[in-house]
Amino acid sequence: SARPTSSSDSGRITTPGPRHFPSGFRVLHVEDDAVLRRTVALRVRKALGVPMDSAVDGREAVRLVLEEGQHYSVVLMDNQMPHLTGAQTTLALREGGFDGVIVGMTGDPAGCPERDEFEASGLSSCVDKDKAGMAHLIDVLRSFSLLRGAATA
């Protein structure tokens, strides 16, 4: 296993330190497939330790965010769901005033009408439900983290 190296002039470790997220940072994962809800939550928690809630469909997401006023920094949104699609849910959240990050997660192929509608609905970004998409999702969430001990405003 690789070991951190020290810089010769300062003697400090040059690898990044542990990360944490700003106070109140929470993620909502909207996914109707129970296996994917669990899998994504476990991968994100293992990689980043991010607080994450889940909603089983778009109606529950709208209820949590707009009706109950739950605060989420990031919403991870499936597209193909019963009751409200991810595109319909994203539009409802945006029209209701949610201005946080919404990352679409879909198995719809690029160029298909459902994906095009989803990407045009107000998403911040959209990823495929595959290994590369999951890695991008982790990178997006990591971008909100801070090095431990870093000054916060």
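Counting from 1, residues in each chain are numbered in the order their sequence is written. Since the coordinates come from a predicted model, pLDDT governs what is reported: local features require at least 70, and pairs of side-chain atoms require 80 or more to be given and counted, while whole-chain, interface and lining totals use all residues. No hydrogens and no water enter the side-chain calculation; it runs on all heavy atoms of the structure.

How do you make sense of the environment of Asp-57 when you look at a structure like this?
Numbered from the N terminus, helices here are DSSP runs of H or I no shorter than four residues, and strands are runs of E no shorter than two. On the secondary structure map, Asp-57 appears in the loop between β3 (52-55) and α2 (58-67). Between the C-alpha atoms of Asp-57 and His-29, which are 28 residues apart in sequence, the distance is 9.5 Å. Working rule for contacts: check all heavy atoms of both residues, and any pair within 4.5 Å makes them a contact. Excluding anything up to four places from it in sequence, Asp-57 contacts Val-30, Met-81, Pro-82 and His-83. Any N or O atom pair separated by 3.5 Å or less is treated as a polar contact, with the protein-specific requirement of one donor-capable and one acceptor-capable atom, and with residues adjacent in sequence counted only for side-chain atom pairs. There is a polar contact of 2.9 Å between the side chain of Asp-57 and the backbone nitrogen of Glu-60.

What exactly am I supposed to notice about the pairing of strand β5 (residues 101-106) here?
Categorising residues by exposure relies on relative accessible area from a 1.4 Å probe, with only protein chains included: less than 20% of the type maximum marks a residue as buried, more than 50% marks it as exposed, and the intermediate range marks it as partly exposed. The element β5 is largely enclosed, with a buried count of five among its six residues. In terms of strand pairing, strand β4 (residues 74-78) meets β5 through five bridges, oriented parallel. If you follow Leu-76 over to β5, its bridge partner there is Val-103. When the strands point away from the viewer and the connection leading from the first strand across the helix to the second strand turns clockwise, the crossover is called right-handed. A crossover links β4 with its parallel partner β5, the connecting element being helix α3 (residues 86-95), and its sense is right-handed. Crossover handedness for the path β5 to helix α4 (residues 113-119) to strand β6 (residues 125-128): right-handed. Strand pairing is assigned whenever DSSP identifies at least 2 bridges connecting the two strands.

I'm lost on the side chain of Asp-108 in this one. Help?
Along the chain, the position of Asp-108 falls in the loop between β5 and α4. None of His or the chain ends enter the tally, which takes Lys and Arg as positive and Asp and Glu as negative. Just to be clear on terms, a salt bridge is a Lys or Arg side-chain nitrogen sitting within 4 Å of an Asp or Glu carboxyl oxygen. The charged side chain of Asp-108 is buried without a salt bridge, its nearest counter-charge being Arg-115 at 7.0 Å. Polar contacts involving the side chain of Asp-108 include one to the side chain of Gln-80, which spans 3.1 Å. Apart from residues lying up to four places away in sequence, Asp-108 is in contact with Asn-79, Gln-80, Glu-114, Arg-115 and Asp-128.

Before we go on, may I ask you to explain the sheet that holds β4 in this structure?
In sheet architecture, strand pairing relies on hydrogen bonds along the backbone and comes in two forms, parallel and antiparallel. If you walk across this open sheet you meet the five strands as β3-β2-β4-β5-β6, and the pairing is parallel. Both edges of this open sheet fall to β3 and β6, since each of them pairs with a single strand only. Adjacent strand axes in the sheet meet at a mean angle of 20° when their direction is disregarded. In the packing of helix α1 (residues 34-48) onto the sheet, contacts are made with β2 (27-30), β3, β4 and β5, and the angle to β3 comes to roughly 170°. The sheet strands contacting α3 are β4 and β5, and the helix crosses β4 at an angle near 150°. Note on method: axes are straight lines fitted to C-alpha atoms, helices fitted across the in-contact stretch only, with angles between N-to-C directions ranging 0 to 180 degrees.

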